[in-house]
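# Residue-level structure breakdown
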Amino acid sequence: MEKIAALTEHYQKTYELTFEMWKQRNRVFLVLVGTIAVAALLTFRVSDAKPLLVKWVAKYLGLSESELQMSFPYGLLQTSLMVIIFYLMMNLFHRAHNVLFYYGYLGRLETEIRRHLHLSEASYFFTREGGSYWDDRKKSKFRGLGLDAVKYIYMALLFVLLAAFIAKKLYDDFHTGTVGLGLVESVVAFLTLFYFVQYAHSSYRGDSDAAVVPKSAPPDNEINAEFTGTLDEYVNKHTGDLTSSLQRNNFKNVRIASRETVTNALSPEGRKVIIEYESGERREERTFYYFEDSKGEKIAIPS
């Protein structure tokens, strides 16, 4: 029970960390979009934006508008905005990647906790972030399509804003003869787009049931000191959970290929079970040995 308590406590703390990271990702995305929008406005509508910007800065700092109009470092501001956009884009990728990683980790924790609690496949306990979410998402193709579209809309919006601002800024730099600044900003632009591609790839690959719901159904070595039934009853339960889990994770033609009696130093009488299943186009098998030690503890050992 202490192990289960430690697992559930770790699960709760991981969920809280994931939720906080999720909120940070959303805030960074909004700040990034807002910064790009401001930078694009300052780049595409220079004649309209510059007087407004000068007026706002003069009012905020208590300076003369006429003096500030002549000395305002407009180019430096645009370059600074490009660097800030790069930082925010890198930060967005980091937050988004961590959110998806933690959700995948939560899904695996749920599977491990359920295994220690000896829950059946029909139970919904500890499936919130993994199986239940994706099962519900698959029930309605229309709703699933809408949820899938959200990430693509976000990526498209961000790409259009980024590409428009970067293209116009670099064009102005080289067109006005500021080649040195243009080369520096080209490097910043390349790094910004690199992290955008990383963000898009991570969002595409990580937001899926394959990434969150564990596919490797067979568990590792398991010692069950709480099971009070016979060894054969334990074998039936364990293999039943394995085959159900394999089928639930879309492995095909799952079956118990063989079952025989074996002996070893742990127990004078044990069981050997071979489970076969199809993974893609390949036929695979897993072998498990089951024993009961002198204390009555049931042991499952994968080969």
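Just so it is clear, the structure is predicted and the values come from calculations on it, not from any experiment. (Residues numbered from 1 in each chain as written. Predicted model: local features only at pLDDT ≥ 70, side-chain atom pairs only at ≥ 80, totals over all residues. Heavy atoms only, no water.)

### Looking at helix 9 (residues 231–248)
Taking 1.5 Å as the rise per residue, helix 9 with 18 residues should run 26 Å; its terminal C-alpha atoms sit 25 Å apart, in good agreement. Of the positions making up helix 9, those classed as buried are Leu-231, Tyr-234, Val-235, His-238, Thr-239, Leu-242, Thr-243, Ser-245 and Leu-246. Considered in projection along helix 9, the buried side chains sweep an arc of 160 degrees and stay on one side of the axis. (Helix = DSSP H or I, 4+ residues; strand = E, 2+ residues; numbered from the N terminus. Expected span 1.5 Å × (residues − 1). Buried < 20%, exposed > 50% of the residue type's maximum accessible area, 1.4 Å probe, protein only. Arc of directions from axis to C-beta.)

### Things to note about the packing of aromatic side chains
One pair of aromatic rings is described through two measures. These are the centre distance and the angle between the planes. Tallied over the entire structure, the rule returns 13 aromatic pairs. The interplanar angle of 45 degrees and the centroid separation of 5.9 Å between the aromatic rings of Phe-93 and Tyr-195 together place this pair among those described as tilted. Of the two residues, Phe-93 is situated in helix 4 (residues 74–117) and Tyr-195 in helix 7 (residues 179–206); the sequence distance between them amounts to 102 residues. Through successive ring pairs, a cluster of aromatic residues spans Phe-86, Phe-93, Phe-194 and Tyr-195. (Phe/Tyr/Trp six-rings, centres within 6.5 Å; stacked < 30°, edge-to-face > 60°.)

### As for the confidence of the model for the protein chain
Scored by pLDDT, the protein chain comes out at a mean of 78, with 71% of its residues at no less than 70. Per-element mean pLDDT across the protein chain ranges from 54 in helix 3 (residues 65–71) up to 89 in helix 7. (pLDDT = per-residue confidence, 0-100.)

### A few points about the pattern of salt bridges
This structure, assessed with the given rule, holds 13 salt bridges. Residue Arg-259 is joined to Asp-232 by a salt bridge in which the shortest nitrogen-to-oxygen separation is 3.2 Å. A residue pair is termed long-range when its members are at least 10 positions apart, and Arg-259 in strand 2 (residues 252–262) and Asp-232 in helix 9 qualify at 27 residues. Residue classification places Arg-259 among the partly exposed positions, given a relative accessible area of 39%. The partner of Lys-298 in a salt bridge is Glu-292, with the nearest N and O atoms 3.6 Å apart. (Salt bridge = Lys/Arg side-chain N within 4 Å of Asp/Glu carboxyl O.)

### A look at a nonpolar patch on the surface
Nonpolar side chains collect at one region of the surface, where Val-187, Phe-190, Leu-191 and Phe-194 lie side by side and expose about 380 Å² of accessible area between them. Judged by its relative accessible area of 57%, Phe-190 falls in the exposed class. (Patch = residues over 30% accessible without salt bridge, like charges linked within 9 Å, V, L, I, M, F, W, Y side chains within 5 Å. Areas by Shrake-Rupley, 256 points an atom, 1.4 Å probe, with all protein chains shown as cover.)

### Considerations on the pairing of strand 4 (residues 282–292)
Of the strand pairs in this sheet, strand 3 (residues 270–279) and strand 4 are connected by nine bridges, and their pairing is antiparallel. What sits directly across from Ile-275, in strand 4, is Arg-286. Sheet topology note: the strand 4/strand 5 (residues 298–302) ladder contains five bridges and is antiparallel. Looking across to strand 5, one finds that Phe-291 is bridged to Ile-299. (Pairing = 2+ DSSP bridges.)

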